[in-house]
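Secondary and tertiary structure notes
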Amino acid sequence: MGFPHLLAPGRFGTLELPNRIVMPPVRVRLAHVDGTPSSRDRAFYAARARGGAALVTVGSMIVSTEFEPPSSALVRADADWFVPHLRYLTDGVHAVGGRIAAQLTVGAGRAGAPEPGREAPVSASDNSWVASPVVTCRALLADEVRLLVERFGEAAERVAEAGFDAIDVHARVGHLVDQFLSPVWNRRTDAYGGSLENRARFAVELIQAAKRAAPGLPVSVRLSLTHHTPGGRDLAESIEIARILVAAGADVVVADGGASEALHWAVPPMYLGPAPTLADAAALRAATGATVVATGAIGVEAAEKALADGQVDFVGMTRALIADPDLPRKLAGEVP
């Protein structure tokens, strides 16, 4: 079987990519303890770029430590002194002819670590902490939300200066931005709560901050389309949210599913079957016309068919590329 659609070039915002295989954001946890990329980070991403992945993405780069401490062994972008270290990472990918994106996150909120100096995390509202449901999170003040937007823009400027080719907004799997998007976690009565437009305001402002700080770079949003948890968001509402985010400037939607209470949908195990979130991604594209990346245990045959049928525009193949960095070149017949 040939793979003409999987290997065809495609537009990812302002980027012309050589094929439709991308590596979505992934936490490889290879960074130094201070959040600077290690030689293993550089080698990992360069190997996938050399193997033919059209775009590789560094996942969960935190933009601020004011409300959440940094996770160990993850790359950071919350201070100017990280820029030359980040450039070390992008130079490694560019040296082999690849493209690299930075996924920026404002934090995990109720799914993450306690706020510095306190016993619980922050969240959109006074939600229970995932790690200890008897503990109640602190709702961020509106001024604090706006500070995170400012920090996001600062981090976007840093990654652009460091040579990243695109920026991804982390808005998935029940983490902080997703907590604002979803009524099950957002019971606010200010400008960031209530109506769908208000709940999407935080994500919209993050997209706009990235666009201002890094003009010319594509901005994608990784969004969980169905939470698969009681009270969580369904596909119909996610489609409306995606429309708002695309109107705000998002060039691409990276689609998946799940939440903190349904992580098996975020990282699908075998028992969910092949490509369990592909149908949601296809429905999103059909409804909005947005550029969509499908993710979640998608094999090459299913990916080729989805692209041939016009269901999605790109396919994220994280686990396949971890297992075989040269997969795209092998599909093209360039290596045995």
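These numbers were taken from a predicted model, which means no experiment stands behind them. (Residues numbered from 1 in each chain as written. Predicted model: local features only at pLDDT ≥ 70, side-chain atom pairs only at ≥ 80, totals over all residues. Heavy atoms only, no water.)

What the rule picks out here adds up to 5 aromatic pairs. Their ring planes at 25° and their centres at 4.1 Å tell us that Trp81 and Phe82 sit as a pair that is stacked. When its relative accessible area of 45% is taken as the criterion, Trp81 is described as partly exposed. Accessibility expressed as a relative area gives 1% for Phe82, which makes it buried. The interplanar angle of 85° and the centroid separation of 6.4 Å between the aromatic rings of Phe180 and Tyr192 together place this pair among those described as edge-to-face. Linking Phe180 in helix α4 (residues 176-181) with Tyr192 in the loop between α4 and α5 (196-199), this pair joins segments that are 12 residues apart in sequence. Just as Phe180 is buried, Tyr192 falls in that class too. Ring-pair connections join several aromatic residues into one group, and the members of that group are Phe180, Tyr192 and Phe202. The ring of Phe314 is capped by Arg20, whose NZ or CZ atom sits 5.4 Å from the centre of that ring. Arg48 extends its terminal NZ or CZ atom over the ring of Phe44, reaching a point 4.0 Å from the ring centre. (Phe/Tyr/Trp six-rings, centres within 6.5 Å; stacked < 30°, edge-to-face > 60°. Buried < 20%, exposed > 50% of the residue type's maximum accessible area, 1.4 Å probe, protein only. Helix = DSSP H or I, 4+ residues; strand = E, 2+ residues; numbered from the N terminus. Lys NZ or Arg CZ within 6 Å of the ring centre and 35° of its normal.)

Another point: the layout of surface pockets. Of the volumes computed, that of the largest pocket is approximately 660 Å³. Together, 31 residues line the largest pocket, and Pro25, Arg172, Arg222, Ala266 and Val267 are the ones closest to its centre. Elements represented by at least two residues in the lining of the largest pocket include exactly β3 (21-26), α8 (263-266) and α11 (318-323). A per-class count over the lining of the largest pocket returns 15 nonpolar, 11 polar and 5 charged. Space inside the second largest pocket adds up to approximately 220 Å³. Residues that form the lining of the second largest pocket fall into these classes: 8 nonpolar, 6 polar and 3 charged. (1 Å grid on protein atoms, 1.4 Å probe; cavity = no way out; pocket = protein on both sides within 12 Å on 5 of 7 lines; lining within 4 Å. Points joined across faces, edges and corners; volume = space filled by probe spheres on them. Nonpolar A, V, L, I, M, F, W, Y, C, P; charged D, E, K, R; others polar.)

Throughout the structure, instances matching the rule amount to 23 salt bridges. Between Glu150 and Arg151 there is a salt bridge, and its shortest N-O distance comes to 3.9 Å. The closest approach of N and O atoms between Asp324 and Lys330, which form a salt bridge, is 2.9 Å. Connected through salt bridges with shared partners, the residues Glu66, Glu150, Arg151 and Glu154 form a single ionic network. (Salt bridge = Lys/Arg side-chain N within 4 Å of Asp/Glu carboxyl O.)

Here we take up the packing of helix α3 (residues 142-161) against helix α6 (residues 201-213). It is the contact of α3 with α6, at a shortest axis distance of 8 Å, that shows an interaxial angle of 30°. What the angle tells us is that α3 and α6 run roughly parallel. The way α3 lies across α6 gives a crossing that is right-handed. Facing Val145, Leu148, Val149, Phe152, Gly153, Ala156 and Glu157 of α3, the residues of α6 in contact are Phe202, Glu205, Leu206, Ala209, Ala210 and Ala213. Its residues assigned to classes, the contact of α3 with α6 shows 10 nonpolar, 1 polar and 2 charged. (Axes fitted to C-alpha atoms, helices over the stretch in contact; angles between N-to-C directions. Parallel < 35°, antiparallel > 145°, perpendicular 65-115°, else oblique. Left-handed = near helix turned anticlockwise from the far one by under 90°. Contact = heavy atoms within 4.5 Å.)

Another aspect to go through is the sheet that holds strand β10 (residues 166-171). Spatially, β3-β4-β5-β10-β11-β12-β13-β14 is the arrangement adopted by the 8 strands of the closed barrel, whose pairing is parallel. On average, each strand axis in the sheet is inclined to that of its neighbour by 25°, with strand direction left out of account. Two elements, β10 and strand β11 (residues 219-224), share 5 bridges in a ladder whose sense is parallel. In the strand pairing of β11, Val169 is matched with Val221. (Pairing = 2+ DSSP bridges.)

Keep in mind that these numbers describe shape and distance, not what the molecule does.
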